[in-house]
Each structure stands twice: as C-alpha cells, then as structure tokens.
Amino acid sequence: MNKILPKTPIEEWILKRTGLSSVKQSELQAYQLKKLVEILGYTKNNSSFYQKKFINWDYHQIKCLDDFKKLPFTTADDIEKDPFSFLCIPQHQVDRIVTLNTSGTSGKSKRIFFSDADLQKTVDFFDYGMRSLTDPTDRVLVLLPGQADGSIGDLLKKALGRTKTTTIILGLMTDLDAVEHAIITNQINCIVGIPIQVLYLSRSKAKCFGQIEKVLLSTDYVPNSMVAELHKKFNCRVFNHYGMTEMGYGGGVECAALNGYHLREADLYFEIINPGTGQPVADGHDGEIVFTSFNRQAMPLIRYRTGDIGAFSTTPCSCGTLLRTLKKVEGRLKNRIKLANDRFIDLNVFEETLLGDENILDYQVTVKNDSLLSIQVSFFHADRRDEKIRQIRQKLTDILSVDGKTMKIEVEPGYVAKPDQMVNSMIKRKIIDRR
Ligand SMILES: [Zn+2]
C-alpha cells in the first residue's frame, strides 16, 4: 500500500493569505484576477515604466484572465535599461536593493528593489515553504548568502525562526572543513544550498554528509542524476525550490511527492507561453515561464519573461492538493545550443552526462564556432582521466549528432573554479556561446 503523503503546506499558506475557503482553481483565479487588476492600477500610477507602457490600456476593461494575457510582456532588458523606472515607492522607503550581474554588453546591471513589506512577504512564504520538508525538531544548515539583512539566508533564518527550527547560516560554501565542522557540532540533519555545492560537499565529505536526511536545492537547475545519487548514497530526500530574485526570491517548492513545485500563487500569477509567439501554451507543454508579482510594493513586475523553460503538470499531485504543479524546470532559453535542423541541446544534457560521474568536479561548455564545442572538465583526481575524456567525447558526439553530422567536441582537463569558490549564488550556470 502506498504511504499517504502529507499535503503541501503551500495550500494552508494560500488559504491564510487570500482568505479563500478553498484553493479550487476557479476560486484562486478569481482572487488572482482581482489582484492583477489592482496591481495594474498601482503600477500605472506609481512606476514611470508602466505609465508609459500601459498608456493605451485601461485596466478597468480587464474582465477575465484572457484579457490580462493580452498585455505586453516585461523583459530583463527593460529592467537593465532603467531599473529606477520600475520603482513604485520613494527611494528612502526601499529596504534592500539587489544588483544582479548580467552578461549583457551594455555594462548596466539589473537592480531589484524591495520594501520591508516585500521582504516580510517572502519570509511568510519561506516559513510555509520550508514546512514542506522541515519541522521544529530539525536542525538546518543554510549554505546561501545570509550576512546582510534581507539576503536570502537571512530571510530563511527569520522564516525558520517562526517555527523555532534551529538554523545555522554559513553562507556560500567556501571552506569544506568549516562546513563539516558545523554539520557535526550542530547535529545538522537538513541542508539548504546550491546544487553543485551540495553535490561537491557530499562527494568530498561523505562521512559527515551521512547524517543528512533532507536537502533543499535552490537557485539553479538540479540534475536528476544528482538527486538519484544523494538519495541512493545517503538515503536523503531531495527537495527542489524554484525562484529568482525578481520574484522576491521564492517562487515554488516541492511537496513530499517530490514531483514538481507548488507555487507561490497568493503573491504571483504564473503563465507558460510560447517564446516565439507569446501565446499561452496548453498544460503539459513546455514553454517560457512568465510571472506577475501582484503583491509587491517596491517593484511589481507585470508579465515578466523569466527565460526559464517549464510546463504545468496535467495530473493532480499525489499529495492531494487542488493546487497546480509546475513540473521541474528543465533549463533556460538562453542556455541551449542551436544545432542543425533547428534542434537544440539544453545545458541539462551536459549536467546529466557530466555531473553524474563522481570523478568530475565541475565543467564549462564553450561553443567556439558552428562546428566546434569545447568542454573543460575538472577532475577530483587523475585516475583513468584519459579514458574518461574519451568516454565523454563519445557520449556527447552521439547526443549532438544530427542526420549523421555532428559538431567536433574537444574535451580537455582544465581549470574550472571548484564548487566551493563561487562568489555569487544567484548566478546560474551557463554555456558560453562565442558565435
Ligand atoms: Zn503536492
């Protein structure tokens, strides 16, 4: 007989925040529509960007979600060009500004503003989101930046403090021995961190990792091979979180079913669109994830294109909730290589192929030109390195082959910064494309 799963705590959070009596789609959508119309009025009155953008739109005319879906999108470029034009409150009321380094050539960076009320809402979501995996008897180690007030680690600590769950914030992992020491002395049984760092920790310090029962991975794509390895070797359950700074860090988290995220739908309205046409795609089909943050004070975003690829599940979650499930995010639109015949290879193919090998620490993929792909791989140790390089080259040559033709693949051992030498947790891993 199947074990009965606890229902996602996100459902309780949504009921509390919305005052609804059920999270039935029709009721939740009616609530969201009302909030979307409100935020359109708010942004049109307070943000110079949306004042201009919606000059010919009367938000009172929006009577259903299909009407809302006719509004123009907001893009990362819009924010980069002039972040202050998004600001809806006086600057002195801004509590935190996060500057995201982007790879654009403009030299401008993306700035995201939060008011104190915005940060409190994130704490509230994190509180319930963490209940998907923790209870007050757990001892949690957070390997995300947490020094600054309002940073992701600080907000997590505040959230876990509400349920009196012991939380140690170490920040990004920069010293394996210090992390090992913290796990042992604090009897840690749950880790929150970045996928590549947690994997590195589990392979380098397997002894102390053995006491970890639960892991929450956040901020980047999580390879299935990584989840399988952590589960098999340490019998720990691996939960995924989906979010980005623009959303207010948190966007959705997996329940005990571990089969996709339940979303922060009391604060965010999610859509999946065809990235080419901008039209909605049906549930079950992949598209670009778009969200509207209708409860933000400092910087609400309307129909913001995330660049992430995702799909809504067509089957109800086995935890028994009526909430929708967003299937695990499989990658980013800009993080794919275009091959012949309009075929694409996503970064996740490299993640699964390379990081599944326990001797590989990390890697970097660079497309040098249309016919040459270079992969630098850093190895734990030199044993059988040449043989492994041959295997990787062969495997990827097969995967990248289109109609018998394939790109030339160079694999070389090289220096790639070790996973404990990261400097910015919100930077997602990417393919460098020199074409
Ligand atoms: Zn569920």
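Described below are features of the structure shown in this document. All values derive from a computational prediction rather than experimental measurement.

1. A word on the sheet that holds strand β19 (residues 432-433)
- The strand order β18-β17-β16-β19 describes an open sheet built from four strands, whose pairing is mixed. Each edge of the open sheet carries a strand with a single partner, namely β18 (408-413) and β19.
- Relative to β19, strand β16 (residues 360-369) runs parallel, the two being bridged by two bridges. Bridging from a neighbouring strand, V367 pairs with D433 of β19.
- The strands touched by helix α12 (residues 347-355) are β16 and β17 (372-379); relative to β16, the strand with the most contacts, the crossing angle is about 140°.

2. Some words on α12
- Most of α12 is tucked away: seven of the nine residues are buried.
- Taken together, the buried positions of α12 are L347, N348, F350, E351, T353, L354 and L355.

3. Quick look at the coordination of the zinc ion
- All of the protein donors around the zinc ion are C255 (SG), H262 (NE2), C317 (SG) and C319 (SG); their distances to the metal are 2.1 to 2.3 Å.
- For the zinc ion, the four donor atoms are set out with angles of 103 to 117° between them, so the coordination reads as tetrahedral.
- As a motif over one chain, the donors of the zinc ion read C-x6-H-x54-C-x1-C. Within this pair, whereas C255 is found in the loop between β8 (252-254) and β9 (261-263), its partner C319 is found in the loop between β12 (304-310) and β13 (331-332), the two being separated by 64 residues in sequence. The same class applies to C255 and to C319, which are both buried.

4. Topic: the packing of helix α6 (residues 116-130) against helix α7 (residues 152-162)
- For the pair α6 and α7, interaxial distance at closest approach is 8 Å and the crossing angle is 60°. The angle between the axes of α6 and α7 places the two elements in the oblique class. Crossing geometry of α6 relative to α7 is assigned as right-handed. Across the interface between the two elements, L119, Q120, T122, V123, D124, F126, D127 and M130 from α6 touch I152, L155, L156, K158, A159, L160 and R162 from α7.
- Of the residues contributing to the contact of α6 with α7, the split by class is nine nonpolar, two polar and four charged.

5. Remarks on the side chain of S85
- With respect to the helices and strands, the residue S85 is situated in the loop between α5 (76-81) and β1 (96-100).
- Judged by relative accessible area, which is 8%, S85 ranks as buried.
- A polar atom in the side chain of S85 sits 2.7 Å from the backbone oxygen of D82.
- Contact partners of S85, with chain neighbours within four places excluded, come to S47, S48 and F49.

6. Section: the pattern of salt bridges
- Scanning the model with the defined rule gives 31 salt bridges in all.
- For the salt bridge of E229 with R203, the shortest nitrogen-to-oxygen distance reads 2.7 Å. One end of the pair, E229, is in helix α11 (residues 224-234); the other, R203, is in helix α9 (residues 195-204), with 26 residues separating them in the sequence.
- Note on E229: relative accessible area 10%, which makes it buried.
- Note that E410 and K368 form a salt bridge whose closest N and O atoms lie 3.8 Å from each other.

7. Digging into the environment of S47
- Within the element layout of this structure, S47 appears in the loop between α2 (25-46) and α3 (48-53).
- A relative accessible area of 0% places S47 in the buried class.
- Residues S47 and S85, 38 residues apart in the sequence, show an inter-C-alpha distance of 5.9 Å.
- Excluding residues that lie within four positions of it along the chain, S47 makes contacts with S85, F86, L87 and C88.
- In this structure the side chain of S47 is engaged in a polar contact, spanning 3.1 Å, whose partner is the backbone oxygen of S85.

8. What about the pairing of β17?
- Summarising burial for β17: seven of the eight residues are buried, a large majority.
- Pairing geometry for β16 and β17, over eight bridges, is antiparallel. Bridging across to β17, Y363 finds its partner in V377.
- Hairpin connection from β16 to β17: two residues lie between these consecutive antiparallel strands.
- Pairing of β17 with β18 involves six bridges; the strand directions are parallel. Its bridge partner lying in β18, Q376 is registered against E412.
- Between the parallel pair β17 and β18, the chain is carried across by helix α13 (residues 385-399), and the sense of this crossover is right-handed.

Rules of the game
- Residues take numbers from 1 onward in each chain, read along the sequence in its written order.
- Predicted model: local features are reported for residues with pLDDT of at least 70 only, side-chain atom pairs are reported and counted for 80 or more only, and whole-chain, interface and lining totals are derived from all residues.
- Side-chain metrics rest on all non-hydrogen atoms present in the structure, leaving aside hydrogens and water.
- Between any two strands, at least two bridges found by DSSP are needed for them to pair.
- Each helix is a run of DSSP H or I of at least 4 residues and each strand a run of E of at least 2, with the numbering of both proceeding from the N terminus.
- Contact definition: two residues touch when any of their heavy atoms are within 4.5 Å.
- Axis lines are fitted through C-alpha atoms, for helices just across the contact stretch, and the angle between N-to-C directions can take any value from 0 to 180 degrees.
- Only protein chains enter the accessibility calculation, which uses a 1.4 Å probe. A residue is then buried if its area is under 20% of the maximum for its type, exposed if over 50%, and partly exposed in between.
- Coordination here is defined by N, O and S atoms within 2.8 Å of the metal (3.2 Å for Na, K and Ca), and since water is not considered, a site can look incomplete.
- For a four-donor site, all angles between 85 and 135 degrees give tetrahedral; for four or six donors, opposite pairs above 155 degrees with the remaining angles between 65 and 115 give square planar or octahedral; all remaining cases count as irregular.
- Angular relationships are summarised with four words: roughly parallel below 35 degrees, roughly antiparallel beyond 145, roughly perpendicular across 65 to 115, and oblique for the angles in between.
- Crossing handedness is read from the near helix: turned anticlockwise from the far helix by less than a right angle, it gives a left-handed crossing, and turned clockwise, a right-handed one.
- For this classification, the nonpolar set comprises Ala, Val, Leu, Ile, Met, Phe, Trp, Tyr, Cys and Pro, the charged set comprises Asp, Glu, Lys and Arg, and every other residue, Gly included, is treated as polar.
- Here a polar contact is recorded for every N or O atom pair within 3.5 Å, except that within protein the pair must consist of a potential hydrogen donor and a potential acceptor, and residues adjacent in sequence are included only if both atoms are side-chain atoms.
- What counts as a salt bridge is simple: a side-chain nitrogen of Lys or Arg found within 4 Å of a carboxyl oxygen of Asp or Glu.
- A clockwise course of the path from the first strand over the helix to the second, judged with the strands pointing away from the viewer, identifies a crossover as right-handed.

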